[in-house]
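Letter by letter, the chains look like this.
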Amino acid sequence: MNVKNLLSVEFIKTNKKTFICFIAGLLGILLIFASEAFSKTSKKSEISNKEYVSYSNEMEEKLADIISKVEGAGKTKVFLTIEESEEYVYAQDISSDRKDNTQVNDDKKYVIVDGNSGKDGLLIKTVNPKIRGVAIVCEGGDDPVVQQRIYSCVSASLGISTARISISKMSSMEVNNEK
């Protein structure tokens, strides 16, 4: 039996159940292909989100480690607020047509290379996310001298103003739970 016979009006009238099964099979195949297309984009966003969380956690751990070494800080917890995700900068091939020192036409094309997963743009650099603010809770957070040391340390480490840094004393209950 071929496709022409399956789609003929006579066959449809006499074999409605077979025709419905044929159409259902075609729809199933189309749905499989459609789901593959959508899953690739969602996998990319999942990877991007994992990188975002990983970067945030890594920075929080590093900051907590550094701050806990500041004299008087004691045990430390850090929370970062990140403004954007990573930014990727790709190589471009730029050609310009100039006449009499005036620019006439700029043509920009991304440089494409063959990679393991097909053709990709040539990545020049990755720009880390921007940090919007930092919340710090530590044992010595109520001492103004310790706060000033932490403000200076965090501001210099992250390149943000001290207005974006909050320092508080860790509750005694939290300190006792960690011992």
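All values reported here derive from a predicted model rather than from experimental measurement. (Residues numbered from 1 in each chain as written. Predicted model: local features only at pLDDT ≥ 70, side-chain atom pairs only at ≥ 80, totals over all residues. Heavy atoms only, no water.)

Here we come to a nonpolar patch on the surface. Residues Ile23, Leu26, Leu27, Ile29, Leu30 and Phe33 make up a contiguous nonpolar surface patch of about 580 Å² in total accessible area. Overall, leucine 30 belongs to the exposed group, its relative accessible area being 54%. (Patch = residues over 30% accessible without salt bridge, like charges linked within 9 Å, V, L, I, M, F, W, Y side chains within 5 Å. Areas by Shrake-Rupley, 256 points an atom, 1.4 Å probe, with all protein chains shown as cover. Salt bridge = Lys/Arg side-chain N within 4 Å of Asp/Glu carboxyl O. Buried < 20%, exposed > 50% of the residue type's maximum accessible area, 1.4 Å probe, protein only.)

What follows is about helix H4 (residues 144-158). The terminal C-alpha atoms of H4 lie 21 Å apart, and with 15 residues this matches the ideal 21 Å at 1.5 Å per residue to within 8%. By the burial criterion, the buried members of H4 are Val146, Ile150, Val154 and Leu158. What you see down the axis of H4 is that its buried residues fit within an arc of 70°, all on one side. Turned more than 90 degrees from where H4 packs its buried face, Pro144 and Ala156 sit exposed. (Helix = DSSP H or I, 4+ residues; strand = E, 2+ residues; numbered from the N terminus. Expected span 1.5 Å × (residues − 1). Arc of directions from axis to C-beta.)

What follows concerns the side chain of serine 56. Residue position: serine 56 is located in helix H3 (residues 16-68). Exposure remark for serine 56: the relative accessible area of 11% places this residue in the buried category.

In this model, the protein chain carries a mean pLDDT of 79, and residues with pLDDT of at least 70 account for 74%. Mean pLDDT in the protein chain bottoms out at helix H1 (residues 3-7), which sits at 60, and peaks at strand S9 (residues 165-169), which reaches 95. (pLDDT = per-residue confidence, 0-100.)

What follows deals with the sheet that holds strand S8 (residues 131-138). If you walk across this open sheet you meet the 3 strands as S1-S8-S9, and the pairing is mixed. Two strands in the sheet have a free side with no partner beyond their single neighbour: strand S1 (76-82) and S9. Each strand of the sheet is rotated relative to its neighbour by a mean of 15°, with strand direction disregarded. Sheet topology note: the S8/S9 ladder contains 5 bridges and is parallel. Residue alanine 135 lies in a different strand from S9, and its bridge partner there is serine 166. (Pairing = 2+ DSSP bridges. Axes fitted to C-alpha atoms, helices over the stretch in contact; angles between N-to-C directions.)

Within the fold, aspartate 107 resides in strand S4 (residues 102-110). It is 5.6 Å that separates the C-alpha atoms of aspartate 107 and isoleucine 94, two residues lying 13 residues apart in sequence. Residue contacts for aspartate 107: discarding those within four places in its chain leaves Asp93, Ile94 and Ser95. (Contact = heavy atoms within 4.5 Å.)

Now for the nonpolar core. Counting 21 residues, the largest nonpolar core has Leu63, Ile67, Val134, Ile136, Ile150, Val154 and Leu158 as its most contacted members. Element by element, the count of residues in this core is highest for H3, at 5 residues. (Core = buried A, V, L, I, M, F, W, Y, C linked by side-chain atoms within 4.5 Å.)

This next bit is on the pattern of salt bridges. For the structure shown, the criterion picks out 2 salt bridges. Its salt-bridge partner being glutamate 58, residue lysine 62 comes within 3.2 Å of it at the nearest N-O pair. You can see lysine 62 and its partner glutamate 58 sitting in helix H3, 4 residues apart, about one turn around the helix. Between aspartate 65 and lysine 69 there is a salt bridge, with its nearest N and O atoms 3.1 Å apart. Looking at aspartate 65, the relative accessible area reads 40%, which means it is partly exposed.

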